[in-house]
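Here's the letter readout for the chains.
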Amino acid sequence: MMALNKYRLKHKVKEGHKGAIKVQRLLESPDRLLGVILLGNNFVNIFASSVATIIAMRLIGEAGIALAAGLLTLVILVFSEVAPKTLAALYPEKIAYPAAYFLEPLLKVLSPLVWMVNFFANNFLRLFGVKVSDREDDDHALSREELQTLINEATGRLPKQYRTMLNGIMQLESITVEDVMIPKQDIYAIDVSQPMEEIVKTILKSPFTRIPVYRENMDEDLLGVINLRKALPLLTKPDLSLKDIIKATRPGYFIPETTTLNIQLSSFNKHKRHMALIVDEYGNLQGLLTLEDLLEEIVGKFSTDTREKAFTKVAMHQDGSITFDASEFIRDLNKTYQFDLPTDGPKTLNGLIQEELETLPEVGTCLKVDNYILEVTETSKHAIEKVKLTQVDPTLRFK
């Protein structure tokens, strides 16, 4: 009964399994359960010992006492202790549920004796500061880390796709919107300072349903977000004006870059929004997050993702190394290629290398980060453009 899986037991109880219901009632008072089991167990063992001693003395004499003790110890250990308890530990449900039908009425019949035994045992434990009544209800509650391990270990019973989704849900509270946002320089937006023909062309070519709208500078004059479902009917107007475009624009929904994904998922639902503009502590625009980006952290990449987040600028080499665009997000690389690059600092390969070296390196510069060698293969005036990544054996030592 002690070896039963507590969560499977609760599931059986919810299904109305009679044996499971009886077992759960017995386990609610483990001191009484142990009392009745050990009362019968010790009574039988002591009684058997007394009978064996009497028989041995009559047959052999006083010399038979030692022989009887040795033989009886072997018999009890094999047939009453080790073998049955090993069997019960291996198949707890098959034995616990039927046993409950005998133990429950036996507990009622022997309740006076059990009460007396428990009275002395519990008071003895109190001398050491142990109170049987202080058992916590969440003794079997799993922490976040334990639940994560449970999901990862459920290899045979849970498809990989579901394990990935559950892991994604578990990690929502540790990932911020900054980790998954579309950087400011990659935002597809409308500049209303352009001619109307260019604005219309930008709307028609848009792969997105919601587009930020700004005037000249996105940081200084962000007007809001326009929904193409409202904008497209306007394009049929013969006298379309800039005023019509701005009128269809909805004020932007701004969030701090430190917001975690689990909180933001709730906020999207609460405010009925599908897009958020991310700002830093000074109010400067850092990027953009959509509900789709957030859900991809749970279910994986959508096949209809028009932004092509997959790594199109990747070069595989015969020695096993890979050349990436230095602007790639480290989290995306880790997830796609099962790397273990650090994610608690800079978000991109470019940022990681520059933070480690504290300067913009020259082409050919190499550095080792954990079990990876990063080689700068191409740079521009202000940033690293290409990085060659080689994964090394962690057992190797570098001089």
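Residues numbered from 1 in each chain as written. Predicted model: local features only at pLDDT ≥ 70, side-chain atom pairs only at ≥ 80, totals over all residues. Heavy atoms only, no water.

A look at the sheet that holds strand E9 (residues 315-316)
We count it as follows: Strands were regarded as paired on the criterion that DSSP finds at least two bridges between them. Each helix corresponds to a stretch of at least 4 residues labelled H or I by DSSP, and each strand to a stretch of at least 2 residues labelled E; elements are numbered beginning at the N terminus.
With antiparallel pairing, the five strands of this open sheet are ordered in space as E9-E10-E13-E12-E11. Of all strands in the sheet, those bounded by a partner on one side alone are E9 and strand E11 (366-369). As paired elements, strand E10 (residues 322-325) and strand E13 (residues 384-391) share four bridges and run antiparallel to each other. By the bridge assignment for E13, Asp 325 is matched with Lys 386.

Things to note about the side chain of Thr 348
Applicable threshold: Exposure classes here rest on a 1.4 Å probe applied to the protein chains alone. A residue is buried below 20% of its type maximum, exposed above 50%, and partly exposed in between. N or O atoms within 3.5 Å of each other form a polar contact, as long as, within protein, one can give a hydrogen and the other can take it, and as long as residues adjacent in sequence are counted only when both atoms are side-chain atoms. Contact definition: two residues touch when any of their heavy atoms are within 4.5 Å.
Relative to the assigned elements, Thr 348 resides in the loop between helix H15 (330-337) and helix H16 (349-357). Residue class for Thr 348 comes out buried when judged on its relative accessible area of 18%. A distance of 3.1 Å separates the side chain of Thr 348 from the backbone nitrogen of Gly 351, its partner in a polar contact. Leaving out residues up to four positions away in the same chain, Thr 348 has contacts with Ala 326, Ser 327, Glu 328, Phe 329 and Ile 330.

Observations regarding the environment of Tyr 7
Within the element layout of this structure, Tyr 7 appears in helix H1 (residues 6-15). Along the sequence, Tyr 7 and Glu 173 sit 166 residues apart, while their C-alpha atoms lie 25 Å from each other.

What about the packing of aromatic side chains?
We apply this condition: Between 30 and 60 degrees the pair is tilted, below 30 it is stacked and above 60 it is edge-to-face, where a pair is any two Phe, Tyr or Trp rings, Trp via its six-membered ring, whose centres lie within 6.5 Å.
Applying the stated criterion across every chain, the model contains ten aromatic pairs. Note on Phe 43 and Phe 47: the rings are 6.1 Å apart at their centroids and 15 degrees apart in plane angle, and the pair reads as stacked. In this pair, Phe 43 and Phe 47 are both assigned in helix H3 (residues 30-59), four residues apart and thus about one turn of the helix distant. The exposure class assigned to Phe 43 is exposed, which follows from its relative accessible area of 57%. Plain terms: the ring middles of Trp 115 and Phe 119 are 5.4 Å apart, the flat faces sit at 20 degrees to each other, and that makes the pair stacked. Linking Trp 115 with Phe 119, this pair stays in helix H6 (residues 111-126), spanning four residues, or about one helical turn. Members of the aromatic cluster, each reached through a chain of ring pairs, are Phe 324, Tyr 337, Phe 339 and Tyr 372.

Remarks on the pattern of salt bridges
Applied cut-off: Any Lys or Arg side-chain nitrogen found within 4 Å of a carboxyl oxygen on Asp or Glu counts as a salt bridge.
Scanning all chains against the criterion turns up eleven salt bridges. One salt bridge in this structure joins Glu 93 and Arg 8, with 3.6 Å as the shortest N-O distance. Taken together, the residues span a long stretch of sequence, with Glu 93 in helix H5 (residues 92-109) and Arg 8 in helix H1 at a distance of 85 residues. For Glu 93, a relative accessible area of 23% translates into the label partly exposed. We note a salt bridge from Lys 335 to Glu 297, for which the minimum N-O separation is 3.1 Å. Here the residue Lys 335 occupies a position in helix H15, and Glu 297 occupies one in helix H14 (residues 291-299), the gap between them amounting to 38 residues. Of the residues examined, Lys 335 reaches a relative accessible area of 42% and is grouped as partly exposed. Residue class for Glu 297 comes out buried when judged on its relative accessible area of 9%.

Re the environment of Glu 220
Within the secondary structure, Glu 220 sits in the loop between strand E3 (210-214) and strand E4 (222-227). Here Glu 220 falls in the exposed class, since its relative accessible area comes to 70%. With 72 residues separating them along the chain, Glu 220 and Gln 148 place their C-alpha atoms 43 Å apart.

Quick look at a nonpolar patch on the surface
As a reminder of what qualifies: Without a salt bridge and with relative accessible area above 30%, a residue can belong to a patch; like charges are then joined within 9 Å and nonpolar side chains (Val, Leu, Ile, Met, Phe, Trp, Tyr) within 5 Å. Only the protein chains shown count as covering a residue, and every accessible area follows the Shrake-Rupley method with a 1.4 Å probe.
On the surface, a cluster of nonpolar side chains totalling about 920 Å² of accessible area is made up of Phe 43, Val 44, Phe 47, Val 51, Ile 55, Leu 59, Ile 60, Leu 67 and Leu 71. No other element matches H3, which puts six residues into the nonpolar patch. Checked against the element boundaries, Ile 55 lands in helix H3. Since its relative accessible area comes to 45%, Ile 55 is described here as partly exposed.

As for the confidence of the model for the protein
Defined as follows: Predictor confidence is given residue by residue as pLDDT, running from a minimum of 0 to a maximum of 100.
On average, residues of the protein score 85 in pLDDT, and 92% of them are at 70 or above. Looking across the protein, the model is least confident in helix H7 (residues 144-153), with a mean pLDDT of 74, and most confident in strand E6 (residues 254-256), with 94. Across residues 305-310, where pLDDT falls below 50, the model places twelve contacts with residues more than four positions away in sequence or in other chains.

Overview of the pairing of strand E8 (residues 285-290)
Buried residues dominate E8, accounting for five of its six residues. Across two bridges, the pairing between strand E1 (residues 182-183) and E8 is antiparallel. Counterpart to Pro 183 in the pairing with E8 is Gly 287. The pairing of strand E7 (residues 275-279) with E8 spans five bridges and is classified as antiparallel. Each residue of the ladder has a partner; that of Met 275, found in E8, is Thr 290. Between the end of E7 and the start of E8, which pair antiparallel, lie five residues, with Gly 283 showing a positive phi angle near 85 degrees.

Notes on the nonpolar core
Definition in use: Take the buried residues of types Ala, Val, Leu, Ile, Met, Phe, Trp, Tyr and Cys, join any two whose side-chain atoms come within 4.5 Å, and each joined set is a nonpolar core.
In terms of nonpolar packing, the biggest core is built from 18 residues, with Phe 339 and Leu 374 touching the most fellow members. Those elements that place two or more of their residues in this core are E10, H15, H16, E11, strand E12 (372-379) and E13. Leu 9, Val 23, Val 36 and Tyr 97 belong to the second-largest nonpolar core, a separate cluster that totals 16 residues.

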